[in-house]
Amino acid sequence: MTGVSIYGSHHSLDVVADRPSPTTGGPSMLNRPPSAAARSGTALVCALGVTLLALATAGCEDDTATSGRRQPATRADMAADSDGGKTIRLGEPTSVTYKRGSDHMRGALRVTAVSVRKGTPAELRTAGVKPSDVRTTQPYYVTMTFENIGENSLHYPFLNTPTGLEDTAGVDDQPLITGDTEVTACPGKDPDDFAVGAKVSLCKVFLVPNGIRPSMVTYSTGDDTKRPVSWKVAR
């Protein structure tokens with residue numbers, strides 16, 4: 001709140017000492033009442049002071065109200081990583097602390113594992129996957145959504161890097177790394193900049209051994225990487 005100073009005028013009244021009247025010897029102007037002009041001036045200063053005080057109080061109230069409105073909505077959503085180590089339903093969002101160790105970048109994300117679906121060998125061949133991998137594995141496409149609920153934009157955030165897929169054998173399946181070539185059915189190019197409030201949907205390809213099914217989608221970032229959030233994949 002901006003401080004408001006109230007300045008009043010200082011009026012000096014000349015007091016006439018009691019001295020004998022030339023004719024009566026009595027007091028000359030005892031307890032002389034203030035003139036009309038003085039009374040008007042004093043009233044004006046008082047009125048001005050009350051007005052300024054009222055304005056200052058209203059300003060305080062406005063500042064408080066505005067301050068309340070400016071409290072970032074993200075504060076309530078700031079990630080506490082409360083779902084770390086838990087398994088939640090596919091499609092259920094969770095908030096996680098975003099942390100990139102290389103430059104100590106921190107933030108907060110709302111992350112959702114939306115779907116897991118099986119791809120085809122033909123899609124792998126089109127993307128240039130090695131024939132041996134096409135023969136021995138089956139592609140699964142994991143779609144994730146991300147929302148920046150923090151207070152900082154994230155530059156080159158690599159949002160999908162922490163996404164993992166665990167199969168029914170309890171093994172972390174290998175993500176497909178294709179360089180600049182993407183599987184058309186599963187686009188997953190990370191944004192270069194992820195602004196506050198921005199949302200994006202990304203897909204990631206995993207190669208699961210033939211005869212094995214995916215069991216859990218995992219996402220791990222922040223300070224407790226050993227306790228990722230998990231989404232159960234429906235059979």
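Residues numbered from 1 in each chain as written. Predicted model: local features only at pLDDT ≥ 70, side-chain atom pairs only at ≥ 80, totals over all residues. Heavy atoms only, no water.

### Points about the state of the cysteines
Here a disulfide denotes a covalent bond joining the sulfur atom of one cysteine to the sulfur atom of another. Per the counting criterion, the structure on display carries one disulfide. Disulfide pairing places Cys186 opposite Cys203 at an S-S distance of 1.8 Å. Every disulfide takes its handedness from the sign of the S-S torsion; for Cys186 and Cys203 that torsion is -100°, giving left-handed. In this pair, Cys186 sits in the loop between β7 (174-175) and β8 (193-194) while Cys203 sits in strand β9 (residues 199-209), placing the two residues 17 residues apart along the sequence. By relative accessible area, Cys186 is classed as buried at 3%. (Disulfide = S-S within 2.5 Å. Helix = DSSP H or I, 4+ residues; strand = E, 2+ residues; numbered from the N terminus. Buried < 20%, exposed > 50% of the residue type's maximum accessible area, 1.4 Å probe, protein only.)

### Description of the confidence of the model for the protein
Detail in the predicted coordinates should be disregarded across regions flagged by low pLDDT. When pLDDT is averaged along the protein, the result is 73; 61% of the residues meet or exceed 70. Across residues 1-32, confidence stays below pLDDT 50; counting only partners more than four residues off in sequence or on other chains, it has 20 contacts. Below a pLDDT of 50 lies the segment residues 36-78, which in the model reaches 22 contacts outside its immediate sequence neighbourhood of four places, other chains included. (pLDDT = per-residue confidence, 0-100. Contact = heavy atoms within 4.5 Å.)

### Looking at the side chain of Thr112
If you trace the backbone, Thr112 turns up in strand β3 (residues 105-118). Ignoring anything within four residues of it in the chain, the contact list for Thr112 reads Gly91, Glu92, Pro93, Thr143, Met144, Thr145 and Trp231.

### As for the nonpolar core
In this structure, Leu109, Val111, Met144, Phe146, Val217, Tyr219 and Trp231 are the most contacted members of the largest nonpolar core, which totals 24 residues. Elements that contribute at least two residues to this core include exactly β2 (93-100), β3, β4 (137-148), β9, β10 (214-219) and β11 (229-232). It is β3 that provides the largest number of residues to this core, a total of five residues. Setting aside residues up to four positions removed in sequence, Met144 forms contacts with Val111, Thr112, Ala113, Val114, Asn160, Thr163, Val200, Ser201, Leu202, Val217, Tyr219 and Trp231. Ala127, Val129, Cys203 and Leu207 belong to the second-largest nonpolar core, a separate cluster that totals 11 residues. (Core = buried A, V, L, I, M, F, W, Y, C linked by side-chain atoms within 4.5 Å.)

### Description of the packing of aromatic side chains
Applying the stated rule across the entire model yields one aromatic pair. Ring centres of Phe146 and Tyr219 lie 5.6 Å apart, and the angle between their planes is 55°; this geometry places the pair in the tilted category. Taken together, the residues Phe146 in strand β4 and Tyr219 in strand β10 connect sequence positions 73 residues apart. Side by side, Phe146 and Tyr219 carry an identical accessibility label, which is buried. (Phe/Tyr/Trp six-rings, centres within 6.5 Å; stacked < 30°, edge-to-face > 60°.)

### Overview of the sheet that holds β3
If you walk across this open sheet you meet the five strands as β2-β3-β4-β9-β7, and the pairing is antiparallel. The sheet is open, and its two borders are formed by β2 and β7, each paired with just one other strand. Alignment of β3 against β4, held across nine bridges, turns out to be antiparallel. In the strand pairing of β4, Arg110 is matched with Glu147. (Pairing = 2+ DSSP bridges.)

### Considering the pairing of β11
Bridge analysis of strand β1 (residues 87-89) against β11 gives three bridges, and the strand direction is parallel. Counted as the bridge partner of Ile88 is Trp231 from β11.

### Re the sheet that holds β10
Strand order across the open sheet formed by four strands is β1-β11-β10-β6, with mixed pairing between neighbours. Because the sheet does not close on itself, it has two edges, and the strands there are β1 and β6 (163-167). Averaged over all adjacent pairs, the angle separating strand axes in this sheet is 35°, with direction ignored. Bridge count between β6 and β10: five bridges; the pairing is antiparallel. (Axes fitted to C-alpha atoms, helices over the stretch in contact; angles between N-to-C directions.)

### What to know about a positive patch on the surface
On the surface, Lys118, Arg213, Lys232 and Arg235 cluster together into a positively charged patch. Tracing the chain through its elements places Lys232 in strand β11. Here Lys232 falls in the partly exposed class, since its relative accessible area comes to 47%. (Patch = residues over 30% accessible without salt bridge, like charges linked within 9 Å, V, L, I, M, F, W, Y side chains within 5 Å. Areas by Shrake-Rupley, 256 points an atom, 1.4 Å probe, with all protein chains shown as cover. Salt bridge = Lys/Arg side-chain N within 4 Å of Asp/Glu carboxyl O. Lys, Arg positive; Asp, Glu negative; His and termini not counted. Charge placed at Lys NZ, Arg CZ, Asp CG, Glu CD.)

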